[in-house]
Amino acid sequence: MEFEGIIQRLREIGAPGLVSTDEPRAADPEDKKDKGRAGDAFVLVEPSAIVGFLAACRDDAELAFDLLVDLSATDPDAADEQFWIDYQLLSTTRRHRLAIKALVAKEGAEIPTATAVYRAAGWHERECAEMFGITFVGHPDPRNILLPDDWVGHPLRKDYEFPTEYHGISCE
Amino acid sequence: MEHGNLIHELLGGVAPEGVPAWAIVLVTAVIGVSLLIGVVSVIAMFSVWLERKVSGHIQCRYGPMYVGGWHGWAQSIADGVKLLMKEDMIPLGADRVLFVLAPALVLGSIFGAMAAMPLAPGFYFADINLGVFFILGMSALTTIGVIMSGWASNSKWSLYGAMREAAQVVAYEIPLGISLLAPLMVAGTFNLLEASEAQSGWFGMKWFVFQNPFLIPAAILFFVAALAETKRAPFDLPEAESELVAGFMTEYSGIRWSFFFMEEYAAMFLMSLVGAVFFFGGFESPFTSLAEWAFVTEAGADGSALRTAGLFELPLLYHVTAGTVLAAKALFGVFLMMWVRWTVPRVRIDQVMTMGYKYLTPLALVVVLFAGTWEWLLS
Amino acid sequence: MIESNQDPAAAMSERITFPGASRTLPTGEREFMMDVRTADLEINMGPQHPATHGVMRILIRTDGELITGAQPHLGYLHRCAEKIGENVEWLQYLPYTDRYDYLAAMNNNLGYSMAVEALLGEEIPRRAQMLRTICAELNRIGSHLIAFGTYGLDLGAFTPFLYAFREREWMMALFEKICGARLTYSYLRIGGVFNDTPPGWLQEVEHFCDVFEEKHKEYVDLLMMNHIFVKRTADIGVIPVEMALDFGLTGPMIRGSGIDFDLRRDTPYMLYGELIDAGAFDVVLGSGAKGTLGDCWDRFYVRVMEMIESIKIIRWCLGSIEPGPVIAALPKVLKVPAGEAYVGIENPRGELGHFVVSDGGKVARRVRVRGPSFCNLAVLEAIMPGTLLADAVAIVGSTDVVIGETDR
C-alpha cells in the first residue's frame, strides 16, 4: 500500500491520535525562501495516544504492521522546544512502511512506552532515554543500555556539553 | 619369551665385583625413572608439535615452520622455554596449596601410570600382574587433580570445568574398562608384557583384533571412551574453550599450565599404548618378528644355541625395534585422536552423559558378551 | 544483578529435607549445614569471552548447567557514531559507517549513501549500481563466511573457520584491488562508487564465483550436515514466528523462523527489483528441516544458503554490466536538501536503517543508525532461559552479532 492508502485506511479505522500528515514537496518557485522538503512522508501522532495508534496499526488486517523496525528520537535544534520521536513500522506481509512522528516537549519529556505493543521497542526506548533524557512511562526495564549507569547528561541532545572528566580520567 | 629388565641386566653386566644387588636395583630405578620422565616428556612435546602440524595441514596451512629449521621441529622446545620463563601467577582468591598441588598431581599420576607401561620388551619398571588396572586407576587419578585445580582457582568457569570433568570421567571409566575386558579375555592376563607376548605368531600379525572379530567393535568403543577419558575433542568439555573460556585451566598460566598440557598429551599417548597392546598386537609386527629372528639367540632343547645371528649378547636391536613398533602404533592412535579433534564439533554435556551411560556402556557389555562367547566356542 | 525471585533462606530451608541438617547454636540461632545449601550461580559471560564475538557481557544465572536467566549488557564498544554524524559533513561521515558492522562495510556504505541520496534525489549511473550490487553481495558472502566459521568455532569445530577464511581472504583481496582497503572500504560513495574497476577485476570476480560454488559444497558437508553439529543446533534457541515479529528481528533471524521476508525482494531498492523480475535469486527460508522451525540450525542454514543466492546475483550483474560513468556529478561539499528520510536495506544481519534529517546544510541534523544486531540481540533474554550453558554459546552464535553494530 502506498502512503495515501495507508492514511486513508488509518482514517477509516479511526486510529487514535492521528494529527496530520507531512509529505515531501518541491520548492515553491514563487517563494525564494521556501526550499521544499525532500525525503519520506510521515504521520504526526499525538504522543499520549501513541500506544493506541501503534496497536491499531499492528492489529488492522489491511495495515498489518507487524514489525517495529526503529524507534529513535531527534533533537532538531538547541533552540527548538520539542523532541521528535520517530517510529518506523514495517509490514512483512503487506510489504509497506510507515513513518510515525510524535512531538514531545523537551521540558520533562515523556511519552508512554510502546513495549506493550512491540517488545522490540524495549531496547530502542532505553537507548533513547539515556541519549535524550526522555522518560518512557511504564517501561519495564528502564536502565541505561549503552552508557554507563552513572553517566551524566544526555549525549545526543544538541545542548550537550562534553564532560571534561569521568571518574578521574581526563577527557580533554 | 622372557625378557629381563634391560637396564638391570646391563648394569649387572658392567658392575664390578662386590656391589650389592640392592644397589644395582636402586641405580636401575633411578636411571629408569629419569629415562621414563625424559621419554614421556619428549613424546608429549613431540605430540604438541605433531598436533600443530596435523591441525595446520588439515586446515590448509602449515603450522610452525621456522623454529629449528625443518618444519619448525624445535617449536615445542622454544615454547617450553618461554613457559618456564613466564611469571608464576596465582590468583589472589585462590587456594594456594591446592592450586600449586593440582598440576603436580595431574602430571604425577600420568607418569605414575606410565611406570607400569612397558615401552619395550625389556624397558619396564614395574612388571605388575594387574598392570592394566594400575594404569587405568592411576590415569583416573588425574581427575582428582583437575577437580582440585577447578576448586582452587576460585573462578566460576574453572569450577564448571572441574565438575564437567568429574561427571564425564565417571561416565566414561565404565565403558573404557568394560571394552578392555574383551581383549583381556582373549589374552587371559592383565599383564601387559604377557598380553603382548600372547599376540606373537602369524609372523607378528596374530593381533587380538584378528583373533576375535568382536574385538573390532570393542576397539572402537575403547577409542571413543579414551577420547572422553583424555578430554579430547569432541569430548573436551572440561576445557571447552568457546564455552568455559578454558575450563579448569582458566586461571593457570606459565609452567603450571603447561603441566596440564603435557598431561593431556601424555594421557593420549598412554591410552593409545594401552589400546595398541590390547588390540593391535603390542610389540608384535612383521618387523618385530624379523628382528627377533635376526637378533635374539634362543637356547635349544639341549642347551646349545640354535641360532647365533644375534649381533650382541643382549638383543638391544630387537628391543629397539619392538619399542619403535609399539611407539609407532601408539603415535598413530594419537594422530587419530588429533584427526578427530580437528574434524568434528564438540558435543554438549548432556549428550556426552547420554552417550556414555545409555549407549557406550550397554554396547560394551554386549560386545564383551559376544567376545567371550566366541572365545568359549573356540576353546 | 538479576533479582532472584526466591528468597535464599526460604529456598535453603525448602531444600533441606532430612533431619539433622540443621543445628541450634548456643546463641539460639539455627545454623543450616552449609554443604547442603544450593543456590543459583551468577556468572558473567564476557566482556572477555571467546564466544561473545566481541566485547559484550551476558549476565547469566545458572542452576548447575541450566540457565535460568540471561541479561545482555552492551555498550563496551560505544563510540557514539550518531553524535559524530551530527558534527561532520555528509561525505565525511561515510568512513564512520564502515565501523559499525565492520564485517559488511560495503553494505553499511550502501545504506548510508542511499539514505542521503533519498534526500538528494540524484540519479545513480547504472554501472555504479551494478558495482554497488556486486560489492554488497560479495561483502554479504564475506560476512556470512564469518558467521559460518565462527559458529563452528563456538561449537568446537575449529577447521571450518579456517576454510571460511580462505575464501574470505580472496574476497578481501578483491576489495583491496578495487578500493585499496581490506576491511573498511568507504568505496560506495554518495552518488555512486569511488572509482571504476581495475582491468580484469570483473573476470576475477567471476573466477571467485566459480571456485566458491565448489567450496560451498564442502561447507555444507563438513559443518552444516555434520551429525554432531545438527545435534547441537537443532531444537535449540527456537524463536517462534510471533516472537520474531514482536522483537523486530530482521534478516536471517526472521527468515530462519520461516517468515518469507527479504527487503531486497519485498521493498526493492537499487537493481534488486530487476533481479527479482529476472528471477535471478531466491529468498532462503528456514523450514525446521532438522528440528523445530526457527531453531539455531535454521538460522545457520539460511546464512549458508544465502551465500549461493548472492553468487547468483553477482553472476547476473557480471552478465549485464556495461561501461559507463560510476558516480553522479555532485559538488565536493555536499548540501543536502532539507527533509528527513529513513532507508532500510538488507544487511547480512538484517535491516540496516539510516534515518537522516537535513536542514539543508552541509552537516546533518541527525543520523540515526538502526543496527540489525542491536535488535536481534534483544531476543536473547527471551530464548536463553531453560537452555544449557553450552546452548547459550550456540544461541549467541546463531544471532551472528557484531558488537561494533550493537554499540555503534
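Keep in mind the model is a prediction, meaning the values are calculated, not measured. (Residues numbered from 1 in each chain as written. Chains lettered and ligands numbered in written order. Predicted model: local features only at pLDDT ≥ 70, side-chain atom pairs only at ≥ 80, totals over all residues. Heavy atoms only, no water.)

> What is the right way to read helix H6 (residues 142-152) of chain B from this model?
An α-helix turns once per 3.6 residues; consequently, residues spaced three or four apart project the same way. Residues and elements named next belong to chain B. Buried residues dominate H6, accounting for eight of its eleven residues. Buried residues along H6 sit in contact with helix H4 (96-115), helix H5 (131-140), helix H7 (156-187) and helix H11 (254-278). Where H6 terminates, the next one or two residues include Asn 154, which has phi positive at roughly 60°. (Buried < 20%, exposed > 50% of the residue type's maximum accessible area, 1.4 Å probe, protein only. Helix = DSSP H or I, 4+ residues; strand = E, 2+ residues; numbered from the N terminus. Contact = heavy atoms within 4.5 Å.)

> Hey, could you run me through unusual backbone geometry in this one?
One can expect most non-glycine residues to show negative phi and most peptide bonds to be in trans. Of note, Ala 64 of chain A is a non-glycine position whose phi angle comes to about 50°, a positive value. Along the polypeptide, Ala 64 of chain A turns up in the loop between helix H2 (50-59) and strand E4 (67-74). At His 71 of chain B, a residue that is not glycine, the phi angle is positive and equals roughly 50°. As for its position among the elements, His 71 of chain B is in the loop between helix H2 (21-58) and helix H3 (75-85).

> Please explain the packing of aromatic side chains as it appears in this structure.
To describe a pair of aromatic rings, one takes the distance between the centres and the angle between the planes. Under the criterion given, the structure shown has 37 aromatic pairs over all chains. Between the aromatic rings of Trp 342 of chain B and Phe 158 of chain C, the centroid separation amounts to 5.5 Å while the plane-to-plane angle is 90°, which identifies the pairing as edge-to-face. In this pair, Trp 342 of chain B sits in the loop between helix H13 (316-341) and helix H14 (349-378) while Phe 158 of chain C sits in the loop between helix H5 (126-154) and helix H6 (159-179), so the two residues belong to two different chains. Its relative accessible area of 30% is what places Phe 158 of chain C among the partly exposed residues. Measuring from centroid to centroid gives 5.0 Å for Tyr 93 of chain C and Tyr 112 of chain C, while their planes differ by 65°, and the two rings are edge-to-face. Taken together, the residues span a long stretch of sequence, with Tyr 93 of chain C in the loop between helix H2 (81-85) and helix H3 (94-98) and Tyr 112 of chain C in helix H4 (residues 105-120) at a distance of 19 residues. Judged by its relative accessible area of 1%, Tyr 112 of chain C is buried. Every member of this aromatic cluster is reached through a ring pair, and the members are Phe 148, Tyr 151, Trp 170, Phe 208, Phe 212, Tyr 219, Phe 229 and Phe 300 of chain C. Above the ring of Tyr 163 of chain C, the side-chain terminus of Arg 166 of chain C is found at 5.0 Å from the ring centroid. The ring of Phe 165 of chain C is capped by Arg 168 of chain C, whose NZ or CZ atom sits 5.7 Å from the centre of that ring. (Phe/Tyr/Trp six-rings, centres within 6.5 Å; stacked < 30°, edge-to-face > 60°. Lys NZ or Arg CZ within 6 Å of the ring centre and 35° of its normal.)

> It is not clear to me how the side chain of His 49 of chain C should be interpreted in this structure. Could you clarify?
For His 49 of chain C, the position within the fold is in the loop between strand E3 (41-45) and strand E4 (57-63). Within the local environment of His 49 of chain C, its side chain forms a polar contact with the backbone oxygen of Glu 243 of chain B, the two atoms lying 2.8 Å apart. (Polar contact = N/O pair within 3.5 Å; in protein donor to acceptor, adjacent residues only side chain to side chain.)

> Before we go on, may I ask you to explain the sheet that holds strand E3 (residues 42-45) of chain A in this structure?
Through backbone hydrogen bonds, the strands of a sheet pair up, either in parallel or in antiparallel fashion. Residue and element names in this part refer to chain A. As summarised here, the arrangement of the five strands in space is E1-E3-E6-E5-E4, forming an open sheet in which the pairing is mixed. The open sheet has two free edges, formed respectively by strand E1 (18-22) and E4, since each of these has just one partner strand. On average, each strand axis in the sheet is inclined to that of its neighbour by 25°, with strand direction left out of account. Here E3 pairs with strand E6 (residues 97-105) via three bridges, running parallel. Across the sheet, Leu 44 pairs through a bridge with Lys 101, a residue of E6. Relative to the sheet, helix H1 (residues 3-13) contacts E1, E3 and E6, its axis offset from that of E1 by approximately 170°. (Pairing = 2+ DSSP bridges. Axes fitted to C-alpha atoms, helices over the stretch in contact; angles between N-to-C directions.)

> Can you help me understand empty space enclosed by the protein in this one?
Sizing a probe to match a water molecule and rolling it over the atoms shows the empty space that remains. Residues and elements named next belong to chain B. All told, the structure shown has four cavities of 30 Å³ or more when counted by the stated rule. If you add up the space inside the largest cavity, you get close to 60 Å³. Lining the largest cavity are Ile 110, Ser 139, Thr 142, Glu 229, Thr 230, Lys 231, Glu 263, Ala 267 and Met 271. Here the lining of the largest cavity takes three residues from H11, the largest share from any one element. For the lining of the largest cavity, a count of residues per class yields three nonpolar, three polar and three charged. For the second largest cavity, the calculated volume is near 50 Å³. The residue makeup of the lining of the second largest cavity, split by class, is seven nonpolar, two polar and one charged. (1 Å grid on protein atoms, 1.4 Å probe; cavity = no way out; pocket = protein on both sides within 12 Å on 5 of 7 lines; lining within 4 Å. Points joined across faces, edges and corners; volume = space filled by probe spheres on them. Nonpolar A, V, L, I, M, F, W, Y, C, P; charged D, E, K, R; others polar.)

> Would you mind going over H14 of chain B with me for this structure?
The terminal C-alpha atoms of H14 of chain B, which comprises 30 residues, lie 41 Å apart, in line with the 44 Å expected from a rise of 1.5 Å per residue. Of all the bends in H14 of chain B, the greatest measures close to 35° and is centred on Gly 356 of chain B. Among the residues of H14 of chain B, Ile 349, Gln 351, Val 352, Met 353, Gly 356, Leu 360, Thr 361, Ala 364, Val 367, Val 368, Ala 371 and Gly 372 of chain B are the ones counted as buried. Buried residues along H14 of chain B sit in contact with H7 and helix H10 (215-229) of chain B together with helix H8 (227-233) of chain C. (Expected span 1.5 Å × (residues − 1). Bend = angle between axes of the 7 residues up to and from the residue.)

> Even after reading the chapter, I still don't get the pattern of salt bridges, so can you show me in this structure?
One side chain can pair with another of opposite charge once the charged atoms of both are near each other. This model, assessed by the stated rule, comprises 59 salt bridges over all chains. A salt bridge links Asp 266 of chain C to Arg 95 of chain A; the shortest N-O distance between them is 3.1 Å. Here the residue Asp 266 of chain C occupies a position in helix H11 (residues 263-266), and Arg 95 of chain A occupies one in the loop between strand E5 (82-90) and E6, the pair thus bridging two chains. Put simply, Glu 137, Arg 140, Arg 255, Asp 262, Arg 264, Glu 306 and Glu 346 of chain C are held in one network by salt bridges that share partners. (Salt bridge = Lys/Arg side-chain N within 4 Å of Asp/Glu carboxyl O.)

> Whenever I open this one, the interface of chain C and chain A confuses me. Can you help?
Interfaces are often sized by the amount of accessible area the parts lose when they come together. Of the residues lining the interface, 50 residues belong to chain C; the matching set on chain A comes to 44 residues. The largest share of the area that chain C buries against chain A comes from Asp 246, Glu 340 and Tyr 342 of chain C, three residues that together contribute 16% of it. Residues Glu 127 of chain A and Arg 408 of chain C are paired through a salt bridge, measuring 2.5 Å at the closest nitrogen-oxygen approach. Counting the contacts that link chain C with chain A gives 19 residue pairs in polar contact (both at pLDDT 80 or more). A per-element tally of the side of chain C that touches chain A places strand E8 (residues 339-347) of chain C first, with five residues. Bridge count between strand E2 (residues 38-39) of chain A and E8 of chain C: two bridges; the pairing is parallel. (Buried area = accessible area lost by both parts, 1.4 Å probe.)

In short, geometric facts, not functional conclusions.
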